[in-house]
Amino acid sequence: MSKWINEQDISKYIEISNTEVSDALSFSVRQVQRNLSDFTEQFPGPASFSGFYKPGENKNWTTGFWTGEIWLSYEAATGAEKETLLKAGLTEVDSFHKRISEKYDVDNHDMGFLFSPSCVAAYKLTGSEKAKEAAILAAEQLIKRFHPVGEFLQAWGSMDDPGNYRFIIDCLLNLPLLYWASEVTGDPKYRDIAEKHIHTTMKYILREDDSTWHTVFLDSETGEFSHGSTCQGYKDGSAWARGQSWGIYGTAVAYKYTKREEYIDYFKRIATYFLNHLPKDLIPFWDLSFGDGDEATEPRDSSSAAIAACGMLEMSKYMNEQDAGYYTNVAKKLIKSLYDNYRVTDPSKSNGQILHGTYSKKTPFNTCTEEGVDECIIWGDYYYMEALTRLSNKDWNIYW
Ligand code: GLY
């Protein structure tokens with residue numbers, strides 16, 4: 001028996017209904033409101049502990065997702081609730097402004113993950129000049145990580161560290177911040193760097209079987225491909241589930257901004273590999289080499305399904321009717337499984353939105369430290385809410 005379903009099998013699954021979308025979004029918004037007393041001055045960490053996020057400071061690459069949940073809730077709410085959410089969102093914008101002004105824990109490429117769902121969203125929704133200023137400072141910080149030799153934004157580590165001359169697939173989601181910065185400032189430098197990084201990523205990230213590298217090292221003298229490796233996947237040649245999902249959403253935003261036709265093809269290839277490596281309930285194990293039968297030892301990564309669904313809904317906007325219908329349909333089926341089998345339904349059991357995410361699982365073959373295994377994951381919660389928002393309003397003005 002195969003560990004995975006086949007992409008064609010997905011036609012037999014049912015989609016989430018409009019009533020379920022509205023029910024799920026209402027619950028999520030209430031869950032955000034309940035959390036505001038713990039998480040307005042402070043932020044949830046990347047992952048829950050036995051289902052509960054703990055409050056902490058605005059550090060790490062993940063705090064923007066919580067603020068993003070507040071903005072998504074603000075968009076969905078009405079009356080007095082909207083006011084409360086607005087106040088909380090703007091309080092967090094102050095925190096992000098301070099963080100980028102004081103350059104606190106911003107020496108990495110994650111500026112888009114941090115500042116798009118927090119400050120770009122705030123600017124788009126409220127016109128906050130402080131949010132705009134913070135997000136432009138973040139874009140300025142991000143472009144400092146550009147290497148002209150190889151034309152990419154270095155993910156981690158100091159810029160003169162030869163052991164870190166690499167980019168990672170996740171970074172595609174940091175680039176909308178740069179396009180936004182060029183749009184609001186009129187300065188093309190941010191967009192030019194984003195385009196170069198996209199081009200380099202697309203050149204090297206896909207493997208022959210349409211799985212993707214998590215991280216790609218370049219030769220610092222020639223800028224050519226040196227080798228691929230994983231940090232958070234099971235091992236170098238395996239397909240880290242969330243990496244494949246960042247690839248799905250990443251190629252969708254790459255297409256949105258560049259309109260390069262070949263990126264539609266890349267999107268389909270990455271998505272097909274993902275869809276051919278799902279277990280029966282459509283929610284991937286944390287690495288796509290695992291599947292049905294591996295439950296006893298390997299956890300799911302529900303966040304990967306939420307990210308992939310958002311990427312499919314985004315790409316559907318730019319595709320012909322048939323492809324758009326297909327990917328919208330698949331996205332609705334992934335979200336239906338999250339709704340039926342993974343969402344939090346009882347706030348006394350968890351303060352998150354979806355269960356069974358995996359941040360980093362240590363293996364003898366990868367380089368990460370273990371964190372957030374089989375827990376709520378803050379970006380899983382955010383992208384689940386983003387998918388519900390997209391499904392309840394097809395004209396939703398994206399934060400990315
Ligand atoms: N961007 C890091 C991760 O997905 O864990």
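Residues numbered from 1 in each chain as written. Predicted model: local features only at pLDDT ≥ 70, side-chain atom pairs only at ≥ 80, totals over all residues. Heavy atoms only, no water.

*Asks:* Sorry if this is basic, but what is going on with the overall build of the protein here?
*Replies:* From N to C terminus, the protein includes 12 helices and 9 strands. Taken over C-alpha atoms, the radius of gyration comes to 19 Å for the protein, in line with the 21 Å a tight globule of 400 residues would show. With respect to the three principal axes, the spread of C-alpha positions in the protein is 60 × 55 × 45 Å. Looking at the protein residue by residue over its 400 residues, the buried ones come to 61%. Of all intrachain contacts in the protein linking residues separated by at least 6 positions in sequence, the fraction that spans at least 24 positions is 69%. Of the roughly 15,200 Å² of accessible surface on the protein, a fraction of 49% belongs to carbon and sulfur atoms. When the 41 positive and 58 negative side-chain charges of the protein are each reduced to one mean point, those points stand 2 Å apart. (Helix = DSSP H or I, 4+ residues; strand = E, 2+ residues; numbered from the N terminus. Rg over C-alpha atoms; globule rule 2.2 N^0.38 Å. Buried < 20%, exposed > 50% of the residue type's maximum accessible area, 1.4 Å probe, protein only. Contact = heavy atoms within 4.5 Å. Areas by Shrake-Rupley, 256 points an atom, 1.4 Å probe, with all protein chains shown as cover. Lys, Arg positive; Asp, Glu negative; His and termini not counted. Charge placed at Lys NZ, Arg CZ, Asp CG, Glu CD.)

*Asks:* What is the right way to look at the pattern of salt bridges in this model?
*Replies:* Opposite charge on two side chains makes pairing possible when the charged atoms of those side chains draw close. Per the counting criterion, the structure on display carries 22 salt bridges. Among the salt bridges present, the one from Lys 361 reaches Glu 298, with a minimum N-O distance of 3.3 Å. Placement of the pair is Lys 361 in the loop between strand S8 (357-360) and strand S9 (371-375) and Glu 298 in the loop between helix H9 (262-275) and helix H10 (302-316), with a sequence separation of 63 residues. A salt bridge links Lys 336 to Asp 340; the shortest N-O distance between them is 3.3 Å. On the criterion of helical spacing, the pair formed by Lys 336 and Asp 340 is a turn pair, its members being 4 residues apart in helix H11 (residues 321-342). Residue Lys 336 is classed as buried on the basis of its relative accessible area, which comes to 10%. In the salt-bridge network here, residues are joined through shared partners; they are Glu 314, Lys 317, Glu 386 and Arg 390. (Salt bridge = Lys/Arg side-chain N within 4 Å of Asp/Glu carboxyl O.)

*Asks:* Mind showing me how you'd approach the site of the ligand here?
*Replies:* Neighbouring residues of the ligand: Trp 61, Asp 170, Gln 232, Trp 240, Arg 242, Trp 246 and Tyr 359. Within the contact set of the ligand, a nitrogen atom lies 2.6 Å away from a side-chain nitrogen or oxygen of Asp 170. (Near = heavy atom within 4 Å. Polar contact = N/O pair within 3.5 Å; in protein donor to acceptor, adjacent residues only side chain to side chain.)

*Asks:* Mind showing me how you'd approach the side chain of His 214 here?
*Replies:* Within the secondary structure, His 214 is located in the loop between helix H7 (189-204) and strand S6 (215-218). We classify His 214 as buried; its relative accessible area is 4%. Reaching out from His 214, the side chain makes a polar contact with the side chain of Asp 170 at a distance of 3.5 Å. A polar atom in the side chain of His 214 sits 3.1 Å from the backbone nitrogen of Cys 231.

*Asks:* What is the right way to look at unusual backbone geometry in this model?
*Replies:* As a rule of thumb, non-glycine residues mostly have phi less than zero, and peptide bonds are mostly trans rather than cis. Its identity is not glycine, yet Asn 60 carries a phi of approximately 80 degrees, on the positive side. Examined against the element boundaries, Asn 60 turns out to sit in the loop between strand S2 (55-56) and helix H2 (63-76). Although it is not a glycine, Asp 105 sits at a positive phi angle of roughly 50 degrees. On the accessibility criterion, Asp 105 (32% relative accessible area) is partly exposed.

*Asks:* Whenever I open this one, the packing of helix H4 (residues 111-126) against helix H5 (residues 129-143) confuses me. Can you help?
*Replies:* When two helices pack together, you describe them by how their axes are tilted relative to each other and by the distance separating the axes. Two elements in contact, H4 and H5, have axes whose closest approach is 8 Å; the angle formed by their N-to-C orientations is 155 degrees. Relative to H5, the element H4 lies roughly antiparallel. Handedness of the crossing formed by H4 with H5: left-handed. Only Glu 129, Ala 131, Lys 132, Ala 134, Ala 135, Ala 138, Gln 141 and Leu 142 of H5 make contact with H4, whose side of the interface consists of Met 111, Phe 115, Cys 119, Val 120, Ala 122 and Tyr 123. (Axes fitted to C-alpha atoms, helices over the stretch in contact; angles between N-to-C directions. Parallel < 35°, antiparallel > 145°, perpendicular 65-115°, else oblique. Left-handed = near helix turned anticlockwise from the far one by under 90°.)

*Asks:* Teacher, can you tell me more about the side chain of Asn 35 here?
*Replies:* Within the secondary structure layout, Asn 35 lies in helix H1 (residues 18-35). A distance of 2.9 Å separates the side chain of Asn 35 from the backbone oxygen of Asn 351, its partner in a polar contact.

*Asks:* Would you mind going over helix H6 (residues 176-185) with me for this structure?
*Replies:* Along an α-helix, a turn takes 3.6 residues, which lines up residues three or four apart on a common side. Most of H6 is tucked away, with 7 of its 10 residues classed as buried. All of the buried residues in H6 are Pro 176, Leu 177, Leu 178, Tyr 179, Trp 180, Ala 181 and Ser 182. If you follow the buried residues of H6, they end up packed against H4, H5, strand S4 (152-153), H7 and helix H8 (241-258). Within two residues after H6, Gly 186 carries a phi angle of roughly 80 degrees, on the positive side.

*Asks:* Where do I start with the sheet that holds strand S5 (residues 166-168) in this structure?
*Replies:* Pairing in this open sheet of 3 strands is antiparallel, and the strands run S5-S6-S7 from one edge to the other. This sheet does not close on itself; its edge strands, each paired only once, are S5 and strand S7 (225-229). Each neighbouring strand pair of the sheet contributes to a mean axis angle of 20 degrees, computed without reference to strand direction. Bridge analysis of S6 against S7 gives 4 bridges, and the strand direction is antiparallel. (Pairing = 2+ DSSP bridges.)

*Asks:* Hey, could you run me through the packing of aromatic side chains in this one?
*Replies:* Each aromatic ring pair is summarised here by two numbers: the centre-to-centre distance and the angle between the ring planes. Taken as a whole and assessed by the stated rule, the structure comprises 33 aromatic pairs. Taking 6.4 Å as the distance between ring centres and 75 degrees as the angle between the ring planes, the aromatic pair formed by Phe 113 and Trp 400 counts as edge-to-face. In this pair, Phe 113 sits in helix H4 while Trp 400 sits in the segment after helix H12 (378-392), placing the two residues 287 residues apart along the sequence. For Trp 400, a relative accessible area of 1% gives the class buried. Consider the rings of Tyr 326 and Tyr 327, whose centres lie 4.9 Å apart with planes at 75 degrees: the pair is edge-to-face. (Phe/Tyr/Trp six-rings, centres within 6.5 Å; stacked < 30°, edge-to-face > 60°.)

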